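# Summary of structural features
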Amino acid sequence: MPTDIQHDTRPQKDGPSRPLLCESCSRPMESPLCCAGCGALNPLPPSMFDYFELFGIAPEFDIDVADLRRRYLTLSRSVHPDLVAKSSEENRRRALQLSSGLNRAFDTLADPVLRAEYLLSLAGGPEPHQDKSVPPELLEEVMTLRERIDEAVRDREEAALADVRDRIRQGRTHSLDRIAGLCRSGLDDPATRRELRLVLNAVKYWNSLQNHLPASAASGPEHP
Amino acid sequence: MAYSDKVLDHYNNPRNIGSLDKDNPAVGTGIVGAPECGDVMKLQIQVDENRRIVDARFKTFGCGSAIASSSLATEWVKGKTLDEALQIKNTEIVRELALPPVKIHCSVLAEDAIRAAIADVKRKLDGARPGNPDVAATASAG
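Everything quoted here is computed from the prediction, not taken from an experiment.

## Here we look at the overall build of chain A
Scanning chain A from terminus to terminus reveals eight helices and zero strands. Ordered by position from the N terminus, the helices and strands of chain A form the series α-α-α-α-α-α-α-α. When burial is assessed residue by residue, chain A has 42% of its 224 residues classed as buried. Total accessible area on chain A stands at roughly 12200 Å², and carbon and sulfur atoms take up 52% of it.

In structure tokens:
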């Protein structure tokens, strides 16, 4: 759950943290992670930054993941722990902290559900622990589908299993579409944010159902 | 993490597993879930005309602690009135099953399930009462 920690540690929007100055040579830092001038590593872990700002992209749901990956690889090289293997203990510690934070930032933005969670957190929540509600009837359906999975596996009913598999894929896809739609509509309205929380909770149940499906050669390629 | 003997006992010999007829007016059904782990728990109670719980069933898809918590919950609610059953606290389940801190949410789920089932049957009983005062009493016979 990557959204819990960063929320409280993000700097104030109008805080004194930008432009960042290198603490070693006092020049403005282009990358928030390390100074291009003297190579000093920023002591702040990336969790201190807005992930979108960290990668220099707009805070939107629709992002170019290939572009994000390129930006991630460029930033990764500048803080790779191997680069500072022979440097001071403090620098090695910073490099580890920065690269693990950078990985977390990339994983969060690269995945649509985690990205939506993050956008919701930036917009003010509710966070997962604050609101665990789900759409009406969902839990009952989850219960039924789990029973049907167990029965189909026990009785080796491939056709029944295929039906359940289809229903889970359909339910999950519907949730993912809804998440994208809500994020695109903007998250200023608290009612929209509550609905997004609801659908993000629902998708966890669909994921869990999917994980309980037995592996099947007939399941075909995974739809994103 | 090792499960306590009591958790293992409930896990291996779950009490009152199964379903009651959810359309029976004397049966209350509570379905609750934990989004963080995807666990779902169904707890059902059946009351007599004095609102005493005469039967309880559960079905849980989740970890051993969630199964044990709901199994224990069905044992504990049987024979209690609805108001007595509302007094059951998740902390008592934690103590009885010696649940570690990471599994406390399983006991919370069981308490939530008891409350949801009680709320459901109360809604049925009280909702039926104004129009037809005999519904509650006849329902428990069927």
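## Section: the overall build of chain B
Summing up its helical and strand segments, chain B has six helices and three strands in all. Secondary structure elements in chain B, listed N-terminal to C-terminal, are α-β-β-β-α-α-α-α-α. Taking all 142 residues of chain B together, the buried fraction comes to 50%. In chain B, once contacts between residues fewer than 6 apart in sequence are set aside, the share between residues at least 24 apart is 64%.

## Let's talk about the pairing of strand β2 (residues 39-47) of chain B
All names here are of chain B. Judged by how many residues are buried, β2 sits mostly within the fold: nine of nine residues are covered. Every second residue of β2 is oriented toward a common face, with Asp39, Met41, Leu43, Ile45 and Val47 on one face and Val40, Lys42, Gln44 and Gln46 on the other, all of them buried. Sheet topology places strand β1 (residues 27-34) next to β2; eight bridges connect them, and they run antiparallel. Within the sheet, the bridge partner assigned to valine 27 lies in β2 and is glutamine 46. Between β1 and β2, which pair antiparallel and follow one another directly, the connecting turn spans four residues, one of which, glycine 38, has a positive phi of 80°. Examined bridge by bridge, β2 and strand β3 (residues 53-61) share eight bridges and lie antiparallel to one another.

## Considerations on the domain arrangement of chain A
All names here are of chain A. Domain parsing of chain A yields domain 1 (1-122) and domain 2 (136-218). Summed over the shared surface of domain 1 and domain 2, the number is three salt bridges. Between lysine 204 and glutamate 117 there is a salt bridge, with the nearest N and O atoms lying 3.9 Å from each other. Our count for the domain 1 to domain 2 interface comes out at two residue pairs in polar contact (both at pLDDT 80 or more). Classifying every residue of the side of domain 1 that touches domain 2 by side-chain character gives five nonpolar, no polar and two charged.

Calculation criteria
In every chain, residue numbers begin from 1 and rise along the written sequence. Naming scheme: in the order in which they are written, chains are lettered from A and ligands are numbered from 1. Owing to the predicted nature of the model, reporting of local features is limited to residues with pLDDT of at least 70; listing and counting of side-chain atom pairs is limited to 80 or more, with chain, interface and lining totals taken over all residues. In computing side-chain values, all of the structure's heavy atoms are included and hydrogens and water are not. Only runs of H or I of at least four residues qualify as helices and only runs of E of at least two qualify as strands under DSSP, and these elements are numbered from the N terminus. A 1.4 Å probe rolled over the protein chains alone gives each residue an accessible area, and that area as a share of the maximum for its type sets the label: buried under 20%, exposed over 50%, partly exposed in between. Areas reported here follow the Shrake-Rupley algorithm with a probe of radius 1.4 Å; residue values treat only the protein chains shown as occluding. In this description, contact between two residues means that some pair of their heavy atoms is separated by no more than 4.5 Å. Following DSSP output, two strands are said to pair if at least two bridges run between them. Each domain span listed reflects an automatic or database assignment of domains. Salt bridges are counted wherever a side-chain nitrogen of Lys or Arg sits within 4 Å of a carboxyl oxygen of Asp or Glu. Pairs of N or O atoms within 3.5 Å make up the polar contacts considered here, provided that, within protein, one atom can donate a hydrogen while the other can accept it, and that residues adjacent in sequence are counted only when both atoms are side-chain atoms. Gly falls in the polar group here, along with every residue not listed as nonpolar (Ala, Val, Leu, Ile, Met, Phe, Trp, Tyr, Cys, Pro) or charged (Asp, Glu, Lys, Arg).

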